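Overview (structure and organization)
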Amino acid sequence: MAIHPIVIYGEPVLHRRAEKVTEFDDDLRTLVADMYETLKASNGVGLAAPQIGVGKQIFVYDADDDHGVRRSGVFINPVLVASKIPETRPDPEDESEGCLSVPSLDFPLKRAERVTINGVDEQGEKVSLSAEGWFARIMQHEYDHLQGTLYVDRLDKRWSRKWKKAQIANGYNEPGNSWMPGVDPDPFGH
């Protein structure tokens, strides 16, 4: 297993739809194992393949759900169905998100309260999950990565303005930037 650098906003692979996985072989299983290792080293809760520069429809997750139950797994070629996103403003205390590809920043974002996600694992076996609250937010965040969308692309007008200023200040608009989990300082201070 190997830890991969995490690419930062502005890298083209993050901004295009990922390709479907068609080969379920040892290379895929190695990639998934590397993604778990990279996720663990990053102190994150989810990691999509585009975040390590691989434009494939794969994400891994490892986090506690709203009931304190640890959930860990992989979704390949997922399909996500979500409840309606409330039209109220996001609560900065309870609805903020961060992203390993937007290091050291977090912004409030409204998300659907419930989701169901279906896909396959690295063996090609069907996997399905229903989630709510915090865990549903993780699933939506990672699924969005596979569509070429980062959470900052979804911010409302107020928070989008703050993001644009932070983006320029941090240089998060140029390709070629990355950080190495376990080597570089943790951008979120874990």
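The notes below deal with the structure included here.

About the thresholds
- Residues numbered from 1 in each chain as written.
- Predicted model: local features only at pLDDT ≥ 70, side-chain atom pairs only at ≥ 80, totals over all residues.
- Heavy atoms only, no water.
- Helix = DSSP H or I, 4+ residues; strand = E, 2+ residues; numbered from the N terminus.
- Polar contact = N/O pair within 3.5 Å; in protein donor to acceptor, adjacent residues only side chain to side chain.
- Buried < 20%, exposed > 50% of the residue type's maximum accessible area, 1.4 Å probe, protein only.
- Pairing = 2+ DSSP bridges.
- Salt bridge = Lys/Arg side-chain N within 4 Å of Asp/Glu carboxyl O.
- Axes fitted to C-alpha atoms, helices over the stretch in contact; angles between N-to-C directions.
- Contact = heavy atoms within 4.5 Å.

Okay, the environment of Asp25 next. Positionally, Asp25 belongs in the loop between β1 (6-7) and α1 (26-42). As for Asp25 and Gln123, which are separated by 98 residues in sequence, their C-alpha atoms are 8.0 Å apart. There is a polar contact of 3.0 Å between the side chain of Asp25 and the backbone nitrogen of Leu28.

We now examine unusual backbone geometry. Residues other than glycine seldom take positive phi values, yet Asn43 does so here, at roughly 65 degrees. Here Asn77, not a glycine, exhibits a phi torsion of approximately 50 degrees, which is positive. As for its position among the elements, Asn77 is in strand β4 (residues 70-82). Relative accessible area serves as the criterion here: at 15%, Asn77 is assigned to the buried category.

Our focus in this paragraph is the pairing of strand β6 (residues 102-108). The element β6 is largely enclosed, with a buried count of five among its seven residues. Taking the residues between adjacent antiparallel strands as the criterion, strand β5 (residues 96-99) and β6 are bridged by two residues.

The tally for this structure, following the rule as stated, stands at twelve salt bridges. Close ionic contact of Asp156 with Arg89 constitutes a salt bridge, the shortest N to O distance being 3.7 Å. With Asp156 in the loop between α2 (133-146) and α3 (157-170) and Arg89 in the loop between β4 and β5, this pair connects stretches of sequence that are 67 residues apart. Between Glu95 and Lys110 there is a salt bridge, and its shortest N-O distance comes to 2.9 Å.

What the five strands build is an open sheet, ordered β2-β3-β4-β7-β8; its pairing is antiparallel. If you trace the sheet from one side to the other, it starts and ends with β2 (46-48) and β8 (126-132), each paired once. Ignoring strand direction, the axes of neighbouring strands in this sheet form an average angle of 40 degrees. With three bridges joining them, β2 and strand β3 (residues 58-64) adopt antiparallel strand pairing. Across the sheet, the residue bridging to Gly46 is Tyr61, located in β3. Contacts between α1 and the sheet are confined to β2, β3 and β4, with β3 contributing the most and set at about 35 degrees to the helix. Together, β2, β3, β4, β7 (114-120) and β8 form the strand contacts of α2, whose direction differs from that of β3 by roughly 160 degrees.

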